[in-house]
Amino acid sequence: MPRSERRRRRVRAATLAALGGLLLLSSHAVSAATGRPAKTHAPAASDAQWPMAAKNWQNTRFSELNQITPANAGRLRLAWTFSTGVKKGQEAAPIVVGNTMYVVTPYPNILYALDLTKAGTPGVLKWKYVPPTIPAAQGVACCDVVNRGAVYADGKVIINTLDGQTIAVDAASGRELWKTRVGNIHIGETITMSPLVVRDKVFVGNSGGELGVRGWIKALAVSNGRLLWTAYSTGPDSAVKIGPRFRAFYPSEKGKDLGVHTWPPGQWEIGGGNVWGWVSYDPDLNLIYHGTGNPGVWNPDLRPGDNKWTCGLFARDADTGEARWFYQWTPHDLFDHDGVNENVLVDLPLGRSVRKVLLSAQRDGYLYVLDRASGQVLSATPFVRVTAYKGVDLKSGRIQPNEAKETHTGVVVRDIAPASPGGKDWQPTAWSPRTRLLYIPHQTLAMDYEGTDANYIEGTPYVGADVKMYPDPVRPGDGSRGAFTAWDPVRARPVWEIKEPFPVWSGTVVTAGDVAFYGTMDGWFKAVDARTGRVLWRHKTDSGIIGQPVTYRGPDGKQYVAVLAGVGGWSGAIVSGPIDPRDRGAALGFVNAMTDLPKATPAGDKLYVFALP
């Protein structure tokens, strides 16, 4: 490479870091009707283990372990800790297979294998794998250099790296088995999601909507990493993998090449719709479900139309990637209300029958119940205060915008709720078949929003909006910016809620002991009664928690609960950045809502593991 070109790339990477590197971004199915795991084609797995970030294909994050109960949770004690050495946003879920725990860090995405038979002793580390990565990836990452976890399959641990690689290593030795480059950081493409393995395929998706990156999901062979197929989120039907088997439920999702015609000419090529969230799988229907992110450029005046197929949900054939149906949560997205949140697959008694549904707490502030075979919306109920929309029309399936809150270039619109991170962002929910409740960690924020001009330059920020977030003004005096809510999807209402001073940006887990766990951004790890919401126990960690708690049975037969503490991500960029709190528009407006976070917690890098004495 010529010296001038090397210098140009170094300058561009440095500029991006300054201007936009932190733009601120079981295998058991569960039947709600019976309260017991339903039979599926999934491989057998013990509830002693936690083989993937979501626990199972259905994304329930429910464990049958029941040693820890409301009666004894107050006796939980710290068993051991481990420092990852990377003080950035720790969003990953540890995974546990056999007697080994695997933990992947934020960039540089170090993978650790920890020997659970020697936990808490100097011999705890079995091996570590440091992937070969490109440092410039840090300069194009939207929302901190996070990673959301690994997955175990067929004797391999598979991770994604920020610089666009999917890598498999031998679970026993840490030896690299294969690596496949699937993304291109030079156009602003990164990977932060946790991969999902279904039989012989691993599914991965990209990040980068704030840099005009076109979204996709890819399937790789678990055996050797070979690319099997790619399905894009924008463009002609052939690229989106829409063919004769596509059966959208609503008329607005039907038509030829909508991924082109619902955009201004050529805009779909830089149109976003990235697949950086969660993937679910129904083995009976052989369908994977994945959301798509915001359209590229935030300012909606620059992209008239529905902007298919962004801010929605695809059901795809797991073997071929063919789209079977699609539902768009927010056509012509106005507010960065991505559609990538997890979809929890359960069977619910609705009316006179038990329906196969998916539950999705989306950024637009609605808790959706969809028929997972057809894509029909059965209910859509706000779980936070919503001013951005007037509701969801169940006949047409379309969300109804509030004209008073529509944004335009040069016009400041105030009190838009939910704010851009939504009623809930990436932080995953958990479902208990015992209580039949969905446990939702989320935020309660509003914002002011102004559209601005934007020009696309490859690999640079492409946003077109000035945003200022703040606590929801209808909660004056309580200081809350987040909550942990138990939701009844059949009755479509909350059962209880715990308010928190900061957004609840961690995931959650719920157990057969009727205990739910979650963490707070000011560093408290909590156990609560899953039926009543009563706080049973809490432990102060060294840093705020935005990781995903898991639970497993150790080699000694005891139930353990583990979580990573290390504040960061979009919400915690003011700490992990670091960012000057006087710059209220930094982190795409999130800093204005988090100016006191640095006083509440420092950055961190520690894994915490708890158990009963």
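Described below are features of the structure shown in this document. (Residues numbered from 1 in each chain as written. Predicted model: local features only at pLDDT ≥ 70, side-chain atom pairs only at ≥ 80, totals over all residues. Heavy atoms only, no water.)

### A look at the overall build of the protein chain
- Secondary structure summary: the protein chain contains five helices and 40 strands in total.
- Counting only residues that meet the buried cut, the protein chain has 66% of its 613 residues in that class.
- As displayed, the protein chain offers around 19800 Å² of accessible surface, 51% of which is attributable to carbon and sulfur atoms. (Helix = DSSP H or I, 4+ residues; strand = E, 2+ residues; numbered from the N terminus. Buried < 20%, exposed > 50% of the residue type's maximum accessible area, 1.4 Å probe, protein only. Areas by Shrake-Rupley, 256 points an atom, 1.4 Å probe, with all protein chains shown as cover.)

### Brief notes about the sheet that holds strand β27 (residues 412-416)
- Strand order across the open sheet formed by three strands is β27-β30-β31, with antiparallel pairing between neighbours. Single-partner strands in this sheet number two, and they are β27 and β31 (465-471). Averaged over all adjacent pairs, the angle separating strand axes in this sheet is 15°, with direction ignored.
- Relative to β31, strand β30 (residues 445-451) runs antiparallel, the two being bridged by seven bridges. (Pairing = 2+ DSSP bridges. Axes fitted to C-alpha atoms, helices over the stretch in contact; angles between N-to-C directions.)

### Brief notes about the packing of aromatic side chains
- Evaluated as defined, the whole model comprises 33 aromatic pairs.
- For the ring pair Trp-298 and Tyr-449, a centre distance of 6.5 Å and an interplane angle of 10° mean the geometry is stacked. One end of the pair, Trp-298, is in the loop between β18 (287-291) and β19 (312-317); the other, Tyr-449, is in strand β30, with 151 residues separating them in the sequence.
- Using a relative accessible area of 2% as the deciding quantity, one classes Trp-298 as buried. (Phe/Tyr/Trp six-rings, centres within 6.5 Å; stacked < 30°, edge-to-face > 60°.)

### Considering the nonpolar core
- The biggest cluster of nonpolar side chains holds 126 residues, and the ones touching the most others in it are Trp-80, Met-101, Tyr-368 and Leu-607.
- Here this core gets six residues from one element, more than from any other, and that element is strand β39 (residues 559-565).
- Contact partners of Tyr-368, with chain neighbours within four places excluded, come to Tyr-327, Trp-329, Leu-358, Leu-359, Ser-360, Gln-362, Val-377, Ser-379, Ala-380, Val-392 and Ile-399.
- Of all hydrophobic cores here, the second largest spans 28 residues; its members include Ala-168, Ile-191, Met-193 and Trp-229. (Core = buried A, V, L, I, M, F, W, Y, C linked by side-chain atoms within 4.5 Å. Contact = heavy atoms within 4.5 Å.)

### Looking at the pattern of salt bridges
- If you walk through the whole model with that rule in mind, you get 33 salt bridges.
- Ionic pairing is found between Lys-308 and Glu-253, a salt bridge with its closest N-O pair at 2.6 Å. Of this pair, Lys-308 sits in the loop between β18 and β19 while Glu-253 sits in the loop between α2 (237-240) and α3 (258-261), and the two are 55 residues apart along the sequence.
- For Glu-253, a relative accessible area of 2% translates into the label buried.
- Ionic pairing is found between Asp-580 and Arg-582, a salt bridge with its closest N-O pair at 2.7 Å.
- Classification of Asp-580 by relative accessible area gives partly exposed; the value is 35%. (Salt bridge = Lys/Arg side-chain N within 4 Å of Asp/Glu carboxyl O.)

### Some words on the side chain of Lys-55
- Note on placement: Lys-55 falls in the loop between β2 (37-38) and β3 (62-63).
- Within the structure, Lys-55 has its side chain in polar contact with the side chain of Asp-47 (distance 3.1 Å). (Polar contact = N/O pair within 3.5 Å; in protein donor to acceptor, adjacent residues only side chain to side chain.)

### What to know about the state of the cysteines
- Across all of its chains, the model carries one disulfide by this definition.
- Across the disulfide from Cys-142 sits Cys-143; the S-S distance is 2.2 Å.
- Under the relative-accessibility criterion, Cys-143 is labelled buried at 7%.
- Between Cys-311, a cysteine without a disulfide, and Cys-142, which holds the nearest cysteine sulfur, the sulfur-to-sulfur distance is 14 Å. (Disulfide = S-S within 2.5 Å.)

### So, the environment of Ile-399
- Looking at the secondary structure, you find Ile-399 in strand β26 (residues 399-401).
- Along the primary structure Ile-399 and Val-413 are separated by 14 residues, whereas in three dimensions their C-alpha atoms are 19 Å apart.
- Leave out the neighbours within four places in its chain, and Ile-399 touches Trp-329, Thr-330, Pro-331, Asp-364, Tyr-366, Tyr-368, Tyr-389, Gly-391 and Val-392.

### Regarding the sheet that holds strand β17 (residues 279-282)
- Taken in spatial order, the four strands make up an open sheet running β17-β18-β19-β20, and their pairing is antiparallel. Whereas interior strands pair on both sides, the edge strands pair on one side only; in this sheet they are β17 and β20 (323-328). The mean inter-strand angle of the sheet, taken between neighbouring strand axes irrespective of direction, is 20°.
- In this structure, β17 lies alongside β18, joined through four bridges in antiparallel fashion. In the sheet register, Ser-280 faces β18, and the bridge partner there is Tyr-289.

### What to know about the pairing of strand β11 (residues 165-170)
- For β11, the tally of buried residues reaches six of six residues, placing the bulk of the element in the interior.
- Burial of the side chains of β11 extends over both faces: Gln-165, Ile-167 and Val-169 are buried on one face and Thr-166, Ala-168 and Asp-170 on the other.
- Inspection of the sheet shows strand β10 (residues 156-160) paired to β11 by five bridges, in the antiparallel sense. Its bridge partner being in β11, Asn-160 is matched across the sheet by Thr-166.
- Hairpin connection of β10 to β11: four residues between the antiparallel strands, including Gly-164 at a positive phi of 95°.
- Here β11 runs beside strand β12 (residues 176-181); their pairing, made up of five bridges, is antiparallel. Note on β12: the bridge partner recorded for Ala-168 is Trp-178.
- What sits between β11 and β12 in their antiparallel hairpin is a turn of five residues, with Gly-174 showing a positive phi close to 85°.

### Digging into the environment of Phe-502
- Along the chain, Phe-502 falls in the loop between β33 (493-500) and β34 (508-511).
- You can call Phe-502 buried: its relative accessible area is 6%.
- Sequence spacing of Phe-502 and Arg-199 is 303 residues, and the spatial spacing of their C-alpha atoms is 39 Å.
- In this view, Phe-502 contacts Arg-481, Gly-482, Met-521, Asp-522, Met-594, Asp-596, Leu-597 and Ala-600; residues no more than four positions away in its chain are not counted.

### Here's the deal with unusual backbone geometry
- The linkage connecting Ala-417 with the following residue, Pro-418, adopts the cis geometry, with an omega of 0°.
- Inspection of the secondary structure puts Pro-418 in the loop between β27 and β28 (430-432).
- Cis rather than trans, the peptide bond between Gly-577 and Pro-578 has omega equal to -15°.
- By the element assignment, Pro-578 lies in the loop between α4 (573-576) and α5 (597-600).
- Its identity is not glycine, yet Lys-55 carries a phi of approximately 80°, on the positive side.
- Backbone geometry at Val-297 places phi at a positive 40°, although glycine is not the residue there.
- Within the fold, Val-297 resides in the loop between β18 and β19.
- For Val-297, a relative accessible area of 0% puts it in the buried group.

### Section: the pairing of strand β7 (residues 111-115)
- Of all five residues in β7, five are buried, a share of seventy percent or more.
- Here β7 shows two buried faces, one formed by Leu-111, Ala-113 and Asp-115 and the other by Tyr-112 and Leu-114.
- Where strand β6 (residues 100-104) hands over to β7, the hairpin turn is made up of six residues, of which Asn-109 adopts a positive phi near 60°.
- Two elements, β7 and strand β8 (residues 125-129), share four bridges in a ladder whose sense is antiparallel. Paired with Ala-113 across the strands is Trp-127, a residue of β8.

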